[in-house]
Amino acid sequence: MFSAKLLTIDLTNQTSAVDDIPEKIIHNYIGGRGLGAYLLCKLVPPKIDPLDRQNHLIFTAGPASGTDLFYGNKAVVTTKSPLTNIYLYSLCSGIIGHQIRKAGFMAIDIKGKSEKPVYLVINNQSVEFKDASALWGLKTTETQQGILGNLPAKETATLSIGPAGEKLVKYAAIMAGFPHTRTFGRGGPGCVMGSKLLKGIVIKGTGQVTVGDPAKFESVKKVISERVKKNREWTKLWRLYGTAGDMEWFNQQAILPTRNWQSGQFEGWRGIDPASIAQEWPRQHFSCGPYCASPCAQYIEISKGPYSGTKSGGPEYETVYAFGSNCGINKFDAISAANQFCNEYGIDTMTAGASVGFAMECFEKGLIGLKDTDGIDLRFGNDQALIQALQKIANREGIGNLLAEGVRSFSQKLPGSEKFAMQAKGMEFGGYECRGLMGQALAMAVGNRGGCHHAMGLIGIPEVQEGTRMQISGKGEQVKEAAIGRNIRDSIPICTFPSFLLALAGQEFVGKLIDNEMLSEIVASLFGEPWAYDDIRKTGIRIICQERLFNMREGVTRINDILPSRLLNEPKPSGPPKGATVPLEALKDEYYRAMGWDLKTGNPTDSLLDELEIER
């Protein structure tokens, strides 16, 4: 029997309660992302404003949290997104999930709204509500240092919002840990936290977390360790360059979105490529959380030039794309400075970069002018303009007040700009130019949290390596299977990258550290009961449908699974495959059929929801 508990915290009344999570729910959803989706549907009423006190912030760990499983250092927050107005989950690495489990819980649900700024101290079963008035207005690192108190930093999870969350920037992030910050970034969970006047959270647990089958668990760890040792070259390159290590290959394959997705190739790619600038900007390497067998996190200090003094994590690939090629900027020091600013003020770098890149194209097309931009020369390639725009966003000043709402909202105020507003369902895209990546395009259109690259599985790179990038037939099944795997990984939860293709810069594919068979072994060892991959598949499908059910209640149907006109109607200008567009409707049919959903509505049928035992 797997025991799991839910800690519910009511900010309105400053009370807390602990309840058992039924074993059946854990078995059906595992934990992490799956459990968060279930709880969000159960606890949040349909059609509410995301900033209403009835919205919830739900932090979930999983069965791997608190154990020493390699790569098991993720936690999940689930809420209704103020950016998209639909379902949102966001992942963060570090020790958050471990501390939630060690404190005795699988999930922490925060509801209501405080009357004044507050922070929470969760110390095992104890919950304290602390006055955060003196912390209001502080940046994220200052806040986390302030709320830690006398607790040991290495064994205590700290989370906070910055000024952007306080000012309700719609894509404000929740930052975790210091000095090497990690992020619940996408979709605005920091905005929800700010709306509740919740400045920060401290989580400390001292309990022991056990696994169901210790012998199988140790066997699983041994196999993963052996696979890491067999792939030393991949591990070495991954450690040196991290998630941005494929920049040259991305550019060659015309996957690197450039100047607000006008193309997929950036002539200045060397200026933002970690391998090319390694000697100019040396970096430190560290693990983003405990028990990582191939650490890829980066830390950089800028010691010269206009951005001297910058101290920045990463930047990760998505940040490099968003502030770099997407804005036509080829200066790694400027990107690092933008990244540091967003981390301290608590802003999602991906939506921030997409919003600025969109505004740059609007400026160059004459849809906005200097009067609208507060005098900022908002042209592609202007790195100083990028920093100025971010400052405006964080403080909701001038044009920043419009950009703080995200690309969809801004585009609705500028007739003619919607066709190049690079978002789906209100969420800006991850960095994979998908004209000619049919599976990736489909995943971004049908994703349950909007146009992200993560939620349905990153399909673009395998498509290129397998030579199927232009294929339409079978793409629905490919996206479905990728989404199943991603949902399970996010629910255990474990890191994405060891489950991905082991190849960098176009190297030969050498396998996966954690494949689907290994997923089954991991879950079986954690629960202490047999799990075949067929069981995993059904659970993954259940989670996909549970997420879609939340969006169905908000009115989402087939017509909302869309991409901007640029991807559908503007032929790709260069690179492989030149001239490509996305035949989205045919791709959507492929996906709905593969999922067994209704073709007309694009939603799961009642009979399928019943078969999957999904409550509604």
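For the structure itself, consult the block above.
Remember, it's a predicted structure, so these values are computed and weren't measured experimentally. (Residues numbered from 1 in each chain as written. Predicted model: local features only at pLDDT ≥ 70, side-chain atom pairs only at ≥ 80, totals over all residues. Heavy atoms only, no water.)

Engineer: Help me understand the overall build of the protein, please; the structure alone is not making it clear to me.
Structural biologist: Check the secondary structure of the protein and you find 23 helices and 17 strands. Taking 616 residues into account, the globule formula puts the C-alpha radius of gyration at 25 Å, and the protein, at 22 Å, falls close to it. When the backbone C-alpha atoms are referred to their principal axes, the protein occupies close to 60 × 55 × 50 Å. Per-residue burial over the protein gives 63% buried out of 616 residues. Residue pairs at least 24 apart in sequence account for 70% of intrachain contacts in the protein once pairs closer than 6 positions are excluded. About 21,000 Å² of surface is accessible on the protein, with carbon and sulfur atoms providing 48% of the total. Charged side chains of the protein number 68 positive and 65 negative; the gap between the two group centres comes to 2 Å. (Helix = DSSP H or I, 4+ residues; strand = E, 2+ residues; numbered from the N terminus. Rg over C-alpha atoms; globule rule 2.2 N^0.38 Å. Buried < 20%, exposed > 50% of the residue type's maximum accessible area, 1.4 Å probe, protein only. Contact = heavy atoms within 4.5 Å. Areas by Shrake-Rupley, 256 points an atom, 1.4 Å probe, with all protein chains shown as cover. Lys, Arg positive; Asp, Glu negative; His and termini not counted. Charge placed at Lys NZ, Arg CZ, Asp CG, Glu CD.)

Engineer: Would you explain the layout of surface pockets in this entry?
Structural biologist: Unoccupied space between atoms shows up once a probe the size of one water molecule is rolled over them. Computed from the structure, the largest pocket encloses a volume of approximately 490 Å³. If you go around the largest pocket, you meet 21 residues; those closest to its centre are Ile 95, Ala 153, Gly 177, Phe 178 and His 180. (1 Å grid on protein atoms, 1.4 Å probe; cavity = no way out; pocket = protein on both sides within 12 Å on 5 of 7 lines; lining within 4 Å. Points joined across faces, edges and corners; volume = space filled by probe spheres on them.)

Engineer: How should I be thinking about helix α12 (residues 349–364) in this particular structure?
Structural biologist: A turn of α-helix holds 3.6 residues, and therefore any two residues three or four places apart point the same way. Relative to the 22 Å expected for 16 residues at 1.5 Å per residue, α12 spans 22 Å between its end C-alpha atoms, a close match to the ideal helical length. Counting buried positions over the 16 residues of α12 gives 15, a clear majority of the element. Backbone nitrogen of Met 350 and a side-chain oxygen of the N-cap are separated by 3.3 Å at the start of α12; the cap is Asp 348. Two residues or fewer after α12 comes Gly 366, characterised by a positive phi angle close to 85°. (Expected span 1.5 Å × (residues − 1). Polar contact = N/O pair within 3.5 Å; in protein donor to acceptor, adjacent residues only side chain to side chain.)

Engineer: What's the story with the sheet that holds strand β14 (residues 297–301) in this structure? I'm lost.
Structural biologist: Strands pair in a sheet through their backbones, by hydrogen bonds, and they do so in one of two ways: parallel or antiparallel. One open sheet accounts for three strands, arranged β13-β14-β15; its pairing is antiparallel. Looking at which strands have only one partner, the edges of the open sheet turn out to be β13 (283–286) and β15 (311–313). Here the strands of the sheet are splayed against their neighbours by 20° on average, with no regard to which way each runs. With four bridges connecting them, β13 and β14 associate as antiparallel partners. (Pairing = 2+ DSSP bridges. Axes fitted to C-alpha atoms, helices over the stretch in contact; angles between N-to-C directions.)

Engineer: It is not clear to me how the pattern of salt bridges should be interpreted in this structure. Could you clarify?
Structural biologist: When the charged atoms of two side chains lie near each other, side chains of opposite charge can form a pair. Evaluation of the coordinates by the stated rule reveals 33 salt bridges. Residue Glu 128 is joined to Lys 130 by a salt bridge in which the shortest nitrogen-to-oxygen separation is 3.5 Å. Accessibility expressed as a relative area gives 34% for Glu 128, which makes it partly exposed. For Glu 361, the salt bridge is made with Arg 566, and the minimal N-O distance between the two is 2.7 Å. (Salt bridge = Lys/Arg side-chain N within 4 Å of Asp/Glu carboxyl O.)

Engineer: For this particular structure, what's the right way to read empty space enclosed by the protein?
Structural biologist: Counted according to the given criterion, the structure contains two cavities of 30 Å³ or more. The wall of the second largest cavity is formed by Asn 260, Trp 261, Tyr 321, Asn 326, Ala 354, Phe 358, Val 407 and Met 422. For the lining of the second largest cavity, the class distribution of residues is six nonpolar, two polar and no charged. (Nonpolar A, V, L, I, M, F, W, Y, C, P; charged D, E, K, R; others polar.)

Engineer: Could you clarify how one ought to interpret unusual backbone geometry in this entry?
Structural biologist: Across residues other than glycine, the phi torsion is negative in most instances, and most of the peptide bonds are trans. The amide bond that connects Phe 178 to the next residue, Pro 179, takes the cis arrangement and shows omega of 0°. Note that Pro 179 resides in the loop between β10 (174–176) and β11 (182–184). In this model, Pro 576 is joined to Pro 577 through a cis peptide bond whose omega is -15°. Turning to its location among the elements, Pro 577 is positioned in the loop between α21 (565–569) and α22 (584–595). For Tyr 291, which is not glycine, the phi dihedral falls at a positive 65°. Structurally, Tyr 291 can be placed in the loop between β13 and β14. With relative accessibility at 40%, the residue Tyr 291 sits in the partly exposed group.

Engineer: I keep staring at the packing of helix α20 (residues 533–553) against α22 and nothing clicks. Help me out?
Structural biologist: For any two helices packed against each other, the geometry comes down to the angle between their axes and how far apart the axes lie. Put simply, α20 and α22 touch, their axes get as near as 12 Å, and they point 120° apart. With respect to α22, the element α20 is oriented oblique. Within the contact between the two elements, α20 uses Ile 541, Ile 544, Cys 545 and Arg 548 and α22 uses Tyr 591, Tyr 592 and Met 595. Class assignment of the residues belonging to the contact of α20 with α22 gives a composition of six nonpolar, no polar and one charged. (Parallel < 35°, antiparallel > 145°, perpendicular 65-115°, else oblique.)

Engineer: Help me understand the pairing of strand β5 (residues 87–93) in this model?
Structural biologist: Counting buried residues in β5 gives seven out of seven residues, a clear majority hidden from the surface. Sheet analysis places strand β4 (residues 74–80) next to β5, joined by seven bridges and oriented antiparallel. Residue Thr 78 lies in a different strand from β5, and its bridge partner there is Tyr 89. Adjacent in sequence and paired antiparallel, β4 and β5 are bridged by six residues, among which Asn 85 carries a positive phi angle near 70°.

Engineer: Explain the sheet that holds strand β9 (residues 157–160) here, please?
Structural biologist: One open sheet holds the six strands; their spatial order is β8-β7-β12-β9-β10-β11, and the pairing between them is mixed. A single partner strand is all that each edge strand has here, and the edge strands are β8 (126–131) and β11. Taken over all neighbouring pairs, the strand axes of this sheet differ in orientation by 20° on average, direction set aside. Relative to β8, strand β7 (residues 118–123) runs antiparallel, the two being bridged by six bridges.

Engineer: Is there a simple way to think about the packing of aromatic side chains in this case?
Structural biologist: Each aromatic ring pair is characterised by the separation of its centres together with the angle its planes make. On inspection of all chains with the given rule, the structure shows 15 aromatic pairs. Ring centres 5.6 Å apart and planes at 45° place the aromatic pair Tyr 317 and Tyr 432 in the tilted group. Remark: Tyr 432 occurs in the loop between β17 (427–428) and α16 (438–446) and Tyr 317 occurs in helix α10 (residues 317–323); sequence separation between them is 115 residues. Residue Tyr 317 shares its accessibility class with Tyr 432, and that shared class is buried. The ring of Trp 136 has Lys 199 lying over it, and the distance from NZ or CZ to the ring centre is 5.8 Å. It is Arg 449 that lies over the ring of Tyr 89; its NZ or CZ is 4.4 Å from the centre. (Phe/Tyr/Trp six-rings, centres within 6.5 Å; stacked < 30°, edge-to-face > 60°. Lys NZ or Arg CZ within 6 Å of the ring centre and 35° of its normal.)

Engineer: Is there a simple way to think about the environment of Ala 524 in this case?
Structural biologist: Considering the arrangement of structural elements, one finds Ala 524 in helix α19 (residues 516–527). Residue class for Ala 524 comes out buried when judged on its relative accessible area of 5%. Residues Ala 524 and Asp 213, 311 residues apart in the sequence, show an inter-C-alpha distance of 7.7 Å. Beyond its immediate stretch of four places on either side in the chain, Ala 524 contacts Asp 213, Lys 216, Glu 529 and Trp 531.

Engineer: Got a minute to help me understand the side chain of Asn 603 in this structure?
Structural biologist: On the secondary structure map, Asn 603 appears in the loop between α22 and α23 (606–611). When its relative accessible area of 7% is taken as the criterion, Asn 603 is described as buried. Separated by 3.1 Å, the side chain of Asn 603 and the backbone oxygen of Val 556 make a polar contact. Asn 603 has contacts with Arg 548, Met 552, Val 556, Thr 557, Trp 597 and Asp 598, leaving out every residue within four places of it along the chain.

Engineer: Got a minute to help me understand the environment of Asn 330 in this structure?
Structural biologist: Examined against the element boundaries, Asn 330 turns out to sit in the loop between α10 and α11 (332–345). Taking the C-alpha atoms as reference, Asn 330 lies 9.7 Å from Asn 382; in sequence the two are 52 residues apart.

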